[in-house]
Amino acid sequence: MLKRIILCPLAALLIGGCVKEKEAVMQEPQTLKDAYADYFLIGNIVKGANMDDSLYNILTTHHNIATAENDMKPQYLQRTKGVFTFDDADAIVNKALSQGLKVHGHTLAWHQQTPAWMNQDGVSRDEAVANLTTHARTVVEHFKGKVVSWDVLNEAIADNPPNPEDWKASLRPSPWLQAIGADYVEIVFKAAREADPAAKLYYNDYNMDNTNKATAVYNMVKDINERNPDVRGRPLIDGIGMQGHYSSHTNPVNVENSLQRFISLGVEVSITELDIQSGEGGKQTDAQKITQGLVYAALFNVFKKYAEHIGRVTMWGTDDGSSWRKEACPTMFDDSLSPKPAFFAALDPDKFIAENKVDVETKEAKQSEAVYGTPDEDAWSQAPSIPIDSYLMAWQGASGTAKILWDETSLYVLVNVNNAEMNKANQNAYEQDSVEVFIDENNGKTPFYEKDDGQYRVNFDNEATFNPASMSEGFESQTNVSGRSYTVSLKIPFRTITAKEGDVIGFDAQINGASAQGARQSVAMWNDLSGSSYQDTSGLGVLKLVKR
Ligand code: XIL
């Protein structure tokens, strides 16, 4: 290492300088593409503005495949019906090819960055089908022989869909779905396959570490490929793209579970937009940089393990300064283009983990007791009160306390909330002034939801929402508002246990505070500060069921 530093400043080497010296002294791979040459392609994004600057050096030094960040999206290629504008995309593709990079195409159908004439403004189904197929066919034909793979369809599945076994019911209500119906999915894949049978066709989405979303995607690809096993010699969908917009709270176990699931379909999987948020306001502490590096390292180790089935790992941003999420410093290079710990983590995950893994003391979950009895004043007076006042976000808004009772069939929770703005204007239930209760009946602490796990939300106006949605049966709630305070009482039937004295269950309570403008501005918890309790029970607190 010392020898290398003397011959060539590492930072210069990493952004593409000192190439001769690099070759002369290189023992271990110093570029990502060399480090992963035997595993999968390494990609990053490019935009027209960065074609001639040092960001491009990072691209060519460390990567062997490029994705246009925006320039191949529908609104850039066909803003006006019938007028295709390929100049910017051509420049990006041709330059990448001339530099020896491969090119991946992103994207043919999406609910964003798509002109309204294609699928809104009252277009009929027939017109929308014609617009979709003409766009897909023309674009794929244009880049035929140059683009090796396509994100044919981007983000078609809703977030955390309540009934993922039914993939059609899990589709996001996008303009394409509304204009055409669920068969738009197959229609666009078929148009792309006909236009360039050699190109690999991908379905691409984010939050694929969420079990429900991954299940819906799995079911969609399975169903479509089973019904279309031979479209020009192979099943219609070649691959699944896991975007990978993660954070330092992401649990690599969930990523691995989804990867395994997708691989079991016999399709290729790629990581298509990897970045890991860890920082605020464009700044990261040293500790945040290391934590971020450890997540990168853990994920790259997962990708290596399944490399046989992984086509490429593409990062969404060469450096923090040009990242779409620059506030959260999610990439491997800082805004002066110096490599961050995340870079070294990706380059050699095991080494990074060995050098940086501090034995983090696993934080003990908070414990409390639920007291036997059905709700009445006397019973409530026996139950200990737990504080819901640990904040997940910077803003310290509504907080409160909870008491819990139990009997053989149900858990009874009484939450008192103070300092609430009492606003339910937001259409997202979790952004309204509301109370949430999380239950893990077998205290399994799994990083994903099992059958015994659930999330119950009630806003101050007694409107309830459930995750999964099927859990409303037998649920009851009441609310009572007084000034800036409100109480919520919930009766939550046990679903997989008959409760008895001494049982221990996973439990948490959350208070969502909305601003006067109706946006979520604070989240207070009893125990779990991971921000993931809606899909991961490992951070919940613990309740013991006692009799007094
Ligand atoms: C983002 C770009 O990075 C931004 O520049 C643009 O303003 C919005 O789109 N998922 C995707 C990408 O599939 O196309 C998105 O890219 C990021 C989320």
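On a predicted model such as this, the values are computed, not experimentally measured, just so you know. (Residues numbered from 1 in each chain as written. Predicted model: local features only at pLDDT ≥ 70, side-chain atom pairs only at ≥ 80, totals over all residues. Heavy atoms only, no water.)

Moving on, we get to the pattern of salt bridges. Applying the stated criterion across every chain yields a total of 20 salt bridges. Note that E186 and K190 form a salt bridge whose closest N and O atoms lie 3.8 Å from each other. Of this pair, E186 and K190 both sit in helix 11 (residues 184-195), separated by 4 residues, roughly a single helical turn. Assessed through its relative accessible area of 12%, E186 is described here as buried. Close ionic contact of K213 with D205 constitutes a salt bridge, the shortest N to O distance being 3.1 Å. (Salt bridge = Lys/Arg side-chain N within 4 Å of Asp/Glu carboxyl O. Helix = DSSP H or I, 4+ residues; strand = E, 2+ residues; numbered from the N terminus. Buried < 20%, exposed > 50% of the residue type's maximum accessible area, 1.4 Å probe, protein only.)

Along the chain, H63 turns up in the loop between helix 5 (54-62) and strand 2 (65-68). H63 sits in the buried class, given a relative accessible area of 3%. Within polar-contact distance, the side chain of H63 engages the backbone oxygen of I58 at 3.2 Å. A polar side-chain atom of H63 sits 3.0 Å from the main-chain carbonyl oxygen of L59. (Polar contact = N/O pair within 3.5 Å; in protein donor to acceptor, adjacent residues only side chain to side chain.)

Scanning the model with the defined rule gives 16 aromatic pairs in all. Considering the side-chain rings of F86 and F143, the 5.6 Å spacing of their centres and the 85° angle between planes classify their relative orientation as edge-to-face. You can see F86 sitting in the loop between helix 6 (74-77) and helix 7 (87-98) and its partner F143 sitting in the loop between helix 9 (125-142) and strand 4 (147-154), a full 57 residues away along the chain. The pair formed by F86 and F143 is uniform in burial state, with each residue classed as buried. By way of ring pairs, the aromatic residues Y36, Y39, F40, F300 and F303 are connected into one cluster. The cationic tip of K213 hangs over the ring face of Y206; the distance from NZ or CZ to the ring centre is 3.6 Å. A cation over a ring is seen here: K547 above Y372, with NZ or CZ 4.5 Å from the ring centre. (Phe/Tyr/Trp six-rings, centres within 6.5 Å; stacked < 30°, edge-to-face > 60°. Lys NZ or Arg CZ within 6 Å of the ring centre and 35° of its normal.)

Here the focus is the site of the ligand. The local shell around the ligand holds 13 residues, among which E69, K73, H106, E273 and W316 are the closest. Here an oxygen atom of the ligand sits 3.0 Å away from a polar atom, N or O, in the side chain of N70. At 3.3 Å, a side-chain N or O of Q113 approaches an oxygen atom of the ligand. Partitioning the shell around the ligand into residue classes produces 3 nonpolar, 6 polar and 4 charged. (Near = heavy atom within 4 Å. Nonpolar A, V, L, I, M, F, W, Y, C, P; charged D, E, K, R; others polar.)

In terms of domain boundaries, the protein breaks down into domain 1 (31-355) and domain 2 (367-546). Taking only C-alpha atoms into account, the centre of domain 1 sits 36 Å from that of domain 2. With 11 residues of domain 1 at the interface, the matching set in domain 2 holds 12 residues. Both faces considered, domain 1 and domain 2 share a buried interface measuring about 790 Å² in area, 39% of it formed by carbon and sulfur atoms. Contributions of two or more residues to the side of domain 1 that touches domain 2 are made by helix 12 (211-227) and helix 13 (252-263). For the side of domain 1 that touches domain 2, the element with the most residues is helix 13, which contributes 3 residues. Taken together, the residues that form the side of domain 1 that touches domain 2 break down as 2 nonpolar, 8 polar and 1 charged. (Domains from an automatic or database assignment. Contact = heavy atoms within 4.5 Å. Buried area = accessible area lost by both parts, 1.4 Å probe.)

Here strand 18 (residues 476-482) pairs with strand 19 (residues 485-493) via 7 bridges, running antiparallel. In the sheet register, S482 faces strand 19, and the bridge partner there is S485. (Pairing = 2+ DSSP bridges.)

For helix 13, with 12 residues, the first-to-last C-alpha span of 16 Å sits near the 16 Å given by 1.5 Å per residue. Those residues of helix 13 not exposed but buried are N254, V255, E256, S258, L259, F262 and I263. Those residues of helix 13 that are buried lie in contact with helix 12, strand 6 (239-242), strand 7 (245-247), strand 8 (268-277), helix 14 (286-305) and strand 9 (310-315). Where helix 13 begins, the side chain of N251 points an oxygen toward the backbone nitrogen of V253, at a separation of 2.9 Å. (Expected span 1.5 Å × (residues − 1).)

This part covers the pairing of strand 3 (residues 102-109). Where burial is concerned, most of strand 3 is hidden: 7 out of the 8 residues are buried. Sheet topology places strand 3 next to strand 4; 5 bridges connect them, and they run parallel. Within the sheet, the bridge partner assigned to H104 lies in strand 4 and is S149.

Here we come to the nonpolar core. If you look at the biggest cluster of nonpolar residues, it comprises 102 residues, and the most contacted ones within it are W150, L274, F300 and F303. Here this core takes 8 residues from helix 11, the largest share from any one element. M422, V435, I439 and A499 belong to the second-largest nonpolar core, a separate cluster that totals 35 residues. (Core = buried A, V, L, I, M, F, W, Y, C linked by side-chain atoms within 4.5 Å.)

Look at the link from H106 to T107: it is a cis peptide, with omega at 0°. In this model, N467 is joined to P468 through a cis peptide bond whose omega is -5°. As for its placement among the helices and strands, P468 is situated in the loop between strand 17 (464-467) and strand 18. We note that D121 has phi near 50°; this positive angle belongs to a residue other than glycine. Among the secondary structure elements, D121 is positioned in the loop between helix 8 (116-119) and helix 9.

Right, let's get into the environment of N160. Residue position: N160 is located in the loop between strand 4 and helix 10 (175-180). As for N160 and T211, which are separated by 51 residues in sequence, their C-alpha atoms are 7.6 Å apart. If sequence neighbours within four positions are ignored, N160 has contacts with N210, N212, N467 and Y534. Among the polar contacts listed, one links the side chain of N160 to the side chain of N210, at a separation of 3.3 Å. A distance of 2.9 Å separates a polar atom in the side chain of N160 from a polar atom in the side chain of N212.

Before going further, it helps to examine the confidence of the model for the protein. Mean pLDDT over the protein works out to 92, with 94% of the residues at or above the 70 mark. Segment residues 1-26 is flagged for pLDDT under 50; beyond a separation of four residues in sequence, or across chains, it makes 35 contacts in the model. (pLDDT = per-residue confidence, 0-100.)

Take helix 9 next. At 3.6 residues per turn, the α-helix brings residues three or four places apart onto the same side. With 18 residues, helix 9 extends 26 Å from end C-alpha to end C-alpha; this agrees with the ideal 26 Å at 1.5 Å per step. Residues of helix 9 that are buried: A128, V129, N131, L132, T133, H135, A136, V139 and V140. Check the buried side of helix 9 and you find it contacts helix 6, strand 3, helix 8, strand 4, helix 10 and helix 11.

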